[in-house]
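Here are the chains, one letter per residue:
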Amino acid sequence: MLQFSVKHIFNKVRGGVVSPLTLRRMGVLGMNARNIDYIARYNDRKKYPIVDDKLNTKRAAKKAGIPVPELIEAFESPASRKRVMEVIDPLWQFVIKPARGSGGKGILVIAGRNGDKYKKISGAEIDALDILRHVSNIHSGLYSLGGKPDRVMVEALVDFDPVFDRYSVEGVPDVRVIVFRGYPVMAMLRCSTHASDGKANLHQGAVGVGIDLATGKSCHAVMRGLRIDQHPDTEVPFDALQVPDWYELVRLAASCYEMTGLGYLGCDIVLDRERGPLLLEANARPGLAIQIANGVGLRERLGFIEKFDEEMFRKNVDERVAFSMRKFAVSKYAEV
């Protein structure tokens, strides 16, 4: 299995630029190849609404038996928002998010109450007027793809598994799994930091931790493109990190292939203390930073699966997960 490090890439830089040929030889999948060879080829655009709208995703997941965070209420038109305060008034904790938001934009997490004030996960307090303004902004399309009018979702706050408490600051990590034609091919944990303002967004300063598909253990970690060994804020080393319920989590991701009908997708999953892995959202255009987080390119793994005969694509979910865990283990690149 071809592995690389960020330092290895930098060592090949000439004039401040890494040549596309060098990256290709290292097995790195570029944006053009992703868009043309995988997204355009394997993702039917008619099925994009299933994943581009989180409300559609949630309803499709529930129909398919895939666990998701509880939906408390959906406000699908501006006229419906007159009931917002009525719905959230009895709630101690909740999340308000746009159905068509991207990159974590527009997500408001309320972690508690203080009289008539609502406490955000950062500790800052807002009031009812702030919430109504936020809901209005979502409906107007401020956070949606293309700025189109959007729908508002109110969800129960996930009771996150405390196993990650030391690995994330002002936010909770999620696991991104890339699934290709039903086979999980790569995974990473995204950990929030002070720099990322509590968001699990690598471009804003979160940490990307590569996860071994076979074991759920950490194998590589980066922040802002540079390899690190410990969380920048808590100073807890990543080498002991183990994602619990790993098989169930990877199985959930693989099941999204049947749910969406998309051949190339990213599945974002969170861990609930009682319920285990929950699908947060699915993405028909997953980013490529997962390669840096793992120190491994996607191209070789995707190419391997493309060579399968039709019998391999008739495997059930458990068979596909078992194959990926054997084939794409960090410790070996077994011939299966």
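Just above, that's the structure.
Residues numbered from 1 in each chain as written. Predicted model: local features only at pLDDT ≥ 70, side-chain atom pairs only at ≥ 80, totals over all residues. Heavy atoms only, no water.

Our focus in this paragraph is the pattern of salt bridges. Across all of its chains, the model carries 16 salt bridges by this definition. R83 is the partner of E73 in a salt bridge, and the nearest nitrogen-oxygen pair spans 3.6 Å. Linking E73 in strand β1 (residues 71–75) with R83 in the loop between β1 and α6 (84–88), this pair joins segments that are ten residues apart in sequence. On the accessibility criterion, E73 (24% relative accessible area) is partly exposed. (Salt bridge = Lys/Arg side-chain N within 4 Å of Asp/Glu carboxyl O. Helix = DSSP H or I, 4+ residues; strand = E, 2+ residues; numbered from the N terminus. Buried < 20%, exposed > 50% of the residue type's maximum accessible area, 1.4 Å probe, protein only.)

For the rest of this paragraph, the subject is helix α3 (residues 31–42). Taking 1.5 Å as the rise per residue, α3 with twelve residues should run 16 Å; its terminal C-alpha atoms sit 15 Å apart, in good agreement. Of the positions making up α3, those classed as buried are A33, R34, Y38, I39 and Y42. Buried residues of α3 fall within an arc of 145 degrees about the axis and therefore sit on the same side. Exposed positions of α3 whose direction lies more than 90 degrees from the buried face are N32, I36, A40 and R41. Packing partners of the buried residues in α3 comprise α4 (48–52), β7 (174–180), β12 (264–272) and α10 (299–306). (Expected span 1.5 Å × (residues − 1). Arc of directions from axis to C-beta. Contact = heavy atoms within 4.5 Å.)

What follows concerns the sheet that holds strand β4 (residues 117–120). As summarised here, the arrangement of the six strands in space is β1-β6-β2-β3-β4-β5, forming an open sheet in which the pairing is antiparallel. Either end of the sheet is taken by a strand with one partner, and the two such strands are β1 and β5 (125–126). Strands β1, β2 (94–98), β3 (108–114), β4, β5 and β6 (152–155) of the sheet are contacted by helix α7 (residues 128–140), whose axis makes an angle of about 30 degrees with β2. (Pairing = 2+ DSSP bridges. Axes fitted to C-alpha atoms, helices over the stretch in contact; angles between N-to-C directions.)

Another point: the side chain of S218. Position of S218 relative to the elements: it lies in strand β10 (residues 218–223). Within the structure, S218 has its side chain in polar contact with the backbone oxygen of F238 (distance 2.4 Å). When sequence neighbours within four positions are dropped, the list of residues in contact with S218 reads V209, G210, I211, F238, D239 and L241. (Polar contact = N/O pair within 3.5 Å; in protein donor to acceptor, adjacent residues only side chain to side chain.)

Turning our attention to the environment of I290. With respect to the element layout, I290 can be found in helix α9 (residues 290–294). As a C-alpha pair, I290 and V84 span 206 residues in sequence and 37 Å in three-dimensional space. Ignoring sequence-local partners within four residues, the contact set of I290 consists of R176, I178, M186, A187, M188 and L298.

Quick look at the pairing of strand β9 (residues 207–211) now. For β9, a buried count of five out of five residues is recorded, marking the element as mostly surrounded by other parts of the structure. Neither face of β9 is left uncovered, since the one carrying V207, V209 and I211 and the one carrying G208 and G210 both have all their residues buried. Inspection of the sheet shows strand β8 (residues 183–191) paired to β9 by five bridges, in the antiparallel sense. Residue pairing in the sheet places C191 in a bridge with V207 of β9. Between β9 and β10, which follow one another and run antiparallel, lie six residues, and G216 among them has a positive phi close to 80 degrees.

Another point: the packing of aromatic side chains. Scanning all chains against the criterion turns up 14 aromatic pairs. With centroids separated by 5.4 Å and ring planes inclined at 80 degrees, the aromatic side chains of Y38 and F180 adopt a geometry described as edge-to-face. Here F180 lies in strand β7 and Y38 lies in helix α3, a separation of 142 residues in the sequence. The interplanar angle of 75 degrees and the centroid separation of 6.0 Å between the aromatic rings of F94 and Y118 together place this pair among those described as edge-to-face. Of this pair, F94 sits in strand β2 while Y118 sits in strand β4, and the two are 24 residues apart along the sequence. (Phe/Tyr/Trp six-rings, centres within 6.5 Å; stacked < 30°, edge-to-face > 60°.)

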